[in-house]
Amino acid sequence: MKAWEKNIRKVVPYVPGEQPNQPDMIKLNTNENPYPPAPGVVDAIKSFDTDRLRLYPDPTAKILVDALAAEYGLKPENIFVGVGSDDVLAMIYLTFFNSDKPIFFPDITYSFYDVWADEFRVPYEVQPLNDDFTINKSDYYKENGGVIFPNPNAPTGIIMELSEIEDIIQANPDVIVVVDEAYIDFGGVSALPLIEKYDNLIVVQTFSKSRSLAGMRIGYAMAQPKLIRYMNDVKYSFNSYTMNQLTLAAGAAALADRAYFDETRNKIIATRERTKKELAALGFVFGDSKSNFIFASHPKVSAEELMGALREQNIYVRHFTHPERIRNYLRISIGTDAEMDALIAFLKNYLA
Ligand SMILES: *Cc1c(COP(=O)(O)O)cnc(C)c1O
């Protein structure tokens, strides 16, 4: 080992879902939206004046922040934007999770949370979900250095009642509580109205799922201005220009088309509910997902076997080997009706 190797920030990286690129594949493995971005996004990109690329982008990301403020009835001071919510969440860790006490998150959750904790040397303690994969709010009443969980949770898709979330926020007035709402637009109730009441709450959302822009990388946090100012101080001390000009234009255009947003998310919700019925008829068991995926297990055939059989048909789904109790589950993203029909038809045949 070279001497300099002992001074490396060694990390075990987060493993993103595969991005295979085959023409006839059915890609249900990374919770992307099966529908294209809003038509206005396409126009904004096509009419983008490339001469402007000489210039740095607006470091305050004003057009996007203003559009988000208008969308949610907030002030620009309430909003922080970043390169996907992954970037926003990493900035939150760096800004707020600096206590000697452990931060808390569920044992089964977004697998980036422990990766950032390790990377930024933040102590953490996982809180086990109940057997039905619900969060037990009182686990989060103990002393801690911060709290973070997704709502709906990932990869379970299960939602927590707003009143229970409020109980967790109230029990933790001395630390920051982060609600990661990556999937909230698919039928959940957002904690956003609570930011007015609680100065320790941050709500994080993304354009990657409900707004069909995973490839553009746009995420945002909403909180009281003081929290946003602290986050911006850290951002400007790291990289002032996180949001490029094309991204800003595309993001603002996506927000301008509410009708398209409602149409596509309602389609996904309808497809999800129909898929639940068909999976249940095939013997699958799963919780009541309010996200754009279903986390399902079959009592007779292992998840690993099913995943392999699906892959041979060019149907990609996600399988997690950790922790042990989700080993027999597959996370199936909701695609178009035709894609889900193909999935169900194959499973019907395979399980017969
Ligand atoms: C997808 C996802 C994110 C990250 O999304 P970005 O593409 O970085 O915006 C964050 N949290 C959860 C729970 C997610 O599922």
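In case you missed it, the structure is sitting above this.
Residues numbered from 1 in each chain as written. Predicted model: local features only at pLDDT ≥ 70, side-chain atom pairs only at ≥ 80, totals over all residues. Heavy atoms only, no water.

Asks: Can you walk me through the packing of aromatic side chains in this structure?
Replies: The geometry of an aromatic ring pair comes down to the distance between the two centres and the angle between the two planes. The full count for this structure, using the stated rule, is 20 aromatic pairs. A connected cluster of aromatic rings, assembled from ring pairs, spans Tyr14, Tyr93, Phe97, Phe105, Tyr110, Phe112, Tyr113, Trp116 and Tyr124. The positively charged end of Lys267 is found above the aromatic ring belonging to Tyr35, 4.3 Å away from the centroid. (Phe/Tyr/Trp six-rings, centres within 6.5 Å; stacked < 30°, edge-to-face > 60°. Lys NZ or Arg CZ within 6 Å of the ring centre and 35° of its normal.)

Asks: Looking at this model, I keep getting lost on helix α10 (residues 337-351). Mind explaining?
Replies: In an α-helix, one full turn covers 3.6 residues, which means residues spaced three or four apart are oriented alike. The end-to-end C-alpha distance of α10 is 21 Å, a good match for the 21 Å that 15 residues give at a rise of 1.5 Å each. Where α10 is concerned, the buried positions are Met340, Leu343, Ile344, Phe346 and Leu347. In a view along the axis of α10, the buried residues occupy a sector of 165 degrees, so they form one face of it. Along α10, exposed side chains directed more than 90 degrees from the buried face belong to Ala338 and Asn349. Along its buried surface, α10 packs onto β1 (26-28), α8 (258-281), α9 (303-312), β11 (315-319) and β12 (330-333). (Helix = DSSP H or I, 4+ residues; strand = E, 2+ residues; numbered from the N terminus. Expected span 1.5 Å × (residues − 1). Buried < 20%, exposed > 50% of the residue type's maximum accessible area, 1.4 Å probe, protein only. Arc of directions from axis to C-beta. Contact = heavy atoms within 4.5 Å.)

Asks: Which parts of the structure should I look at to understand the site of the ligand?
Replies: The ligand sits among 13 residues. The nearest are Ser85, Tyr183, Thr206, Ser208 and Lys209. Between the ligand and Asp86, the relevant distance is 3.0 Å, taken from an oxygen atom to a main-chain nitrogen or oxygen of the residue. Note that an oxygen atom of the ligand is positioned 2.5 Å from one of the side-chain N or O atoms of Tyr183. Spatially, the ligand is embedded in the second largest pocket. Per element, the largest residue contribution to the shell around the ligand is 3 residues, and it comes from helix α3 (residues 84-96). A breakdown of the residues in the shell around the ligand according to their chemical character gives 5 nonpolar, 4 polar and 4 charged. (Near = heavy atom within 4 Å. Polar contact = N/O pair within 3.5 Å; in protein donor to acceptor, adjacent residues only side chain to side chain. 1 Å grid on protein atoms, 1.4 Å probe; cavity = no way out; pocket = protein on both sides within 12 Å on 5 of 7 lines; lining within 4 Å. Sits in = over half its atoms within 2 Å of the grid points. Nonpolar A, V, L, I, M, F, W, Y, C, P; charged D, E, K, R; others polar.)

Asks: Looking at this model, I keep getting lost on the sheet that holds strand β6 (residues 177-180). Mind explaining?
Replies: Across a sheet, strands are paired by hydrogen bonds formed along the backbone, either parallel or antiparallel in direction. One open sheet accounts for 7 strands, arranged β2-β8-β7-β6-β5-β3-β4; its pairing is mixed. Whereas interior strands pair on both sides, the edge strands pair on one side only; in this sheet they are β2 (79-82) and β4 (124-127). Each adjacent strand pair in this sheet contributes to an overall mean axis angle of 20 degrees, direction not counted. Strand direction decides the pairing type here: strand β5 (residues 146-150) and β6, joined by 4 bridges, are parallel. For Pro150, the partnering residue across the bridge sits in β6 and is Asp180. Across the sheet, helix α6 (residues 225-236) is in contact with β2, β7 (201-206) and β8 (219-222); its angle to β2 comes to roughly 30 degrees. (Pairing = 2+ DSSP bridges. Axes fitted to C-alpha atoms, helices over the stretch in contact; angles between N-to-C directions.)

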